[in-house]
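A closer look at the structure
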Amino acid sequence: MLDLIMLETHDSELRALLATEDGSEASAYVLLSAADIATDPWTGAARRRLVTRAVLPVPEEDRVSASPVHVTWSTRGFVRLLKRAERDDLIPAIVHTHPGSTAFFSDQDDRNERDLLRIVANRAGQGREFASIVLGGDGSAVCRIWQLPDEARECERVLVTGRHLAVHAGKTAAGVPDSLDRQARLFGPSFNPAIRALRVGIVGCGGTGSPTAMLLARLGIGHVLLVDDDVVEVSNLNRVHGARRSDAEAAVPKVDVLAREIEAAGLGVEVACFQGWVGDPRARDAMRSCDVIFGCTDDHDGRLFLNRFAYFYGIPVIDMGLRVLPATEGRPYEMGARVTVLAPGTTCLLCRGLIDPRIAAEEALRRTDPAEYDRRKAEAYVSGGGDPAPAVVTFTTETACMAVNEFLQAVTGFRGPGGMKEERRRRFETCEDRANTARPRPECEMCAGPGVWGFADVHPFLHRFG
Ligand SMILES: [Zn+2]
Ligand SMILES: [Zn+2]
């Protein structure tokens, strides 16, 4: 499979750049990076994912002519684009609009792009491919990649990701089961196919992850990835949906419990599992195959990983957290949940002060060198352990509902046109909701600017992991 992730920041930039007053077509260039995935977790097949990296305008002097049904520009700029792409090891792409229609490749586009392929072929360098993107006047998009000697391969889907989630799936649009009729009555006929087309990762399958997984399955998500290291314990039975006493007795992995429950419901959801830590190199193919990820872990090191992943790949992470504390003398209950969206253009978890790097380092040590961790713990050099945090199923489940509703907002816009809020907080003890804004720290590599947005595959992985 071949697909394209277009960062919403780039989609907005392109649509502003290419809007014309008289409805003429217009063009621009884009540089793409790629994710080469050896094994898709649901099909087992190899796949390739393109990710938008940067938008480049066509210089005024290169524009030749344009009308509502054509646009022509000089190929000088295309040659410069090829050089730049070669230098930066990126894939060059041309973009043009079809303002009066939905996105498709016309016969004229076929002819023009074959000419461009000849330019590519006549160059000595190593650049052997280029991509073409068409943006339709109705918000749709298509993409294909041309490779020597003469082949055009069309993306099966184009995803626009950010505060909104849009999936433009061409011929491969998935079938929709009849069980989803009642929700189409609320969100309209395009909702179920859009939901069905999405591949969603759930990192952490405990108190918040288990309801998130069950809710997404009921909503009709086509492909679900479950990631969690742990097995069910008796102390989980008060909140992990689907878990039975027999699972705790047999120490069944949480991912297997949820996979079993989702499959037993017979909703046609394809489930893939990874039992392990989210940052494990063996999880990379599965993680890079997702369109959106729910962060349901209370592991600071896992959050640190997701906090990089979202920006490098343009795969949004909807992270959730819950903190409930008992009332004590002179102090009332403190019960708060939050849902935070990580995507290019939003403020990251580190800048929000939601990850404690020291705890993350201790968690990493416990994972990679348990003996050393135990030694330091005995000498009180690490803080870990302590009493388990309180947890009650209604609040863990409500936190999951907040997160999944934020996702529905991204797909449908039922709360208005702005997409997902960067962060929402709910106080259970006072029944208050508020949106929370925070500024990036100026030195932040993830969120202060477009630095690593859409880098996709780099070495080392996420500029950090070997
Ligand atoms: Zn065209
Ligand atoms: Zn940041």
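Here we summarise the structure given alongside this text. (Residues numbered from 1 in each chain as written. Chains lettered and ligands numbered in written order. Predicted model: local features only at pLDDT ≥ 70, side-chain atom pairs only at ≥ 80, totals over all residues.)

Focus on the sheet that holds strand S10 (residues 157-161)
Counted only if it meets this: One requirement defines pairing of two strands: DSSP has to find at least two bridges between them. Numbering of helices and strands starts at the N terminus; helices are DSSP runs of H or I of at least 4 residues and strands are runs of E of at least 2. Simply put, an axis is a line fit to the C-alpha atoms, just over the touching stretch for a helix, and the angle between two N-to-C directions goes from 0 to 180 degrees. By definition, residues are in contact whenever their C-beta atoms, placed on the basis of the backbone, come within 7 Å of each other.
Strand order in the open sheet formed by nine strands is S9-S8-S7-S6-S2-S3-S1-S10-S11, with mixed pairing between adjacent strands. Each edge of the open sheet is held by one strand with a lone partner, namely strand S9 (151-154) and strand S11 (165-169). Ignoring which end each strand starts from, the neighbouring axes of this sheet average 25° apart. Relative to the sheet, helix H2 (residues 76-88) contacts strand S2 (27-37) and strand S6 (91-98), its axis offset from that of S6 by approximately 135°.

Describing the nonpolar core
To be explicit about the condition: Residues enter a nonpolar core if they are buried, belong to Ala, Val, Leu, Ile, Met, Phe, Trp, Tyr or Cys, and are joined to the set through C-beta atoms within 7 Å. Residues are called buried when their C-beta atom has 20 or more other C-beta atoms within 10 Å, exposed when it has 12 or fewer, and partly exposed otherwise; all C-beta atoms are positioned from the backbone. Throughout, the edges of the domains are those of an automatic or database domain assignment.
If you look at the biggest cluster of nonpolar residues, it comprises 121 residues, and the most contacted ones within it are Ile202, Val224 and Leu226. For this core, the element with the most residues is helix H13 (residues 393-412), which contributes nine residues. Each of domain 1 (2-161) and domain 2 (178-435) contributes no fewer than three residues to this core. What Val224 contacts, discounting residues up to four positions off in sequence, is Val200, Ile202, Ala213, Leu216, Ala217, Ile262, Val269 and Val271.

Digging into the sheet that holds strand S12 (residues 199-203)
Read across the sheet, eight strands follow the order S14-S13-S12-S15-S16-S17-S18-S19 without closing on themselves; strand pairing throughout is mixed. Both outer strands of the open sheet, strand S14 (270-275) and strand S19 (432-435), are each paired with one neighbouring strand and no more. Averaged over all pairs of adjacent strands, the angle between their axes in this sheet comes to 15°, without regard to strand direction. Pairing between S12 and strand S15 (residues 292-295): four bridges, direction parallel. Paired with Ile202 across the two strands is Phe294, which belongs to S15. On top of the sheet, helix H8 (residues 254-264) reaches strand S13 (223-228) and S14; it is set at about 170° to S14, its chief contact. The sheet contacts of helix H10 (residues 300-313) involve S12, S15, strand S16 (317-325) and strand S17 (334-342), and relative to S16 the element is tilted by about 150°.

Topic: the pairing of strand S18 (residues 423-427)
Where a strand is regular, its side chains alternate between the two sheet faces. Note that S17 and S18 share five bridges and pair antiparallel. Within S18, the position partnered with Arg338 by the bridge is Arg425. Pairing between S18 and S19: four bridges, direction antiparallel. Counted as the bridge partner of Arg424 is Ala435 from S19.

Observations concerning unusual backbone geometry
Backbone phi values are negative for most residues with the exception of glycine, while trans is the configuration of most peptide bonds. Geometrically, the link from Leu148 to Pro149 is a cis peptide bond, its omega value of 5° lying close to zero. Mapped onto the fold, Pro149 is located in the loop between strand S8 (141-147) and S9. The omega torsion across His459 and Pro460 is -5°, close enough to zero to call that bond cis. Assignment of secondary structure puts Pro460 in the segment after S19. Notably, Ala456 is not glycine yet its phi reads approximately 55°, a positive angle. With respect to the element layout, Ala456 can be found in the segment after S19.

Comments concerning the packing of H10 against helix H11 (residues 357-368)
A pair of packed helices is characterised by two quantities: the angle between their axes and the separation of those axes. For clarity, the threshold we go by: Small angles under 35 degrees read as roughly parallel and large ones over 145 as roughly antiparallel, with 65 to 115 read as roughly perpendicular and the rest as oblique. Classification used: nonpolar for Ala, Val, Leu, Ile, Met, Phe, Trp, Tyr, Cys and Pro, charged for Asp, Glu, Lys and Arg, polar for all others including Gly.
Remark: H10 packs on H11, axes separated minimally by 7 Å, with the N-to-C direction vectors making an angle of 105°. When the axis of H10 is compared with that of H11, the two are roughly perpendicular. Counted together, His300, Asp301 and Leu304 of H10 and Ile359, Ala360, Glu363 and Ala364 of H11 form the full contact between these two elements. A breakdown of the residues in the contact of H10 with H11 according to their chemical character gives four nonpolar, one polar and two charged.

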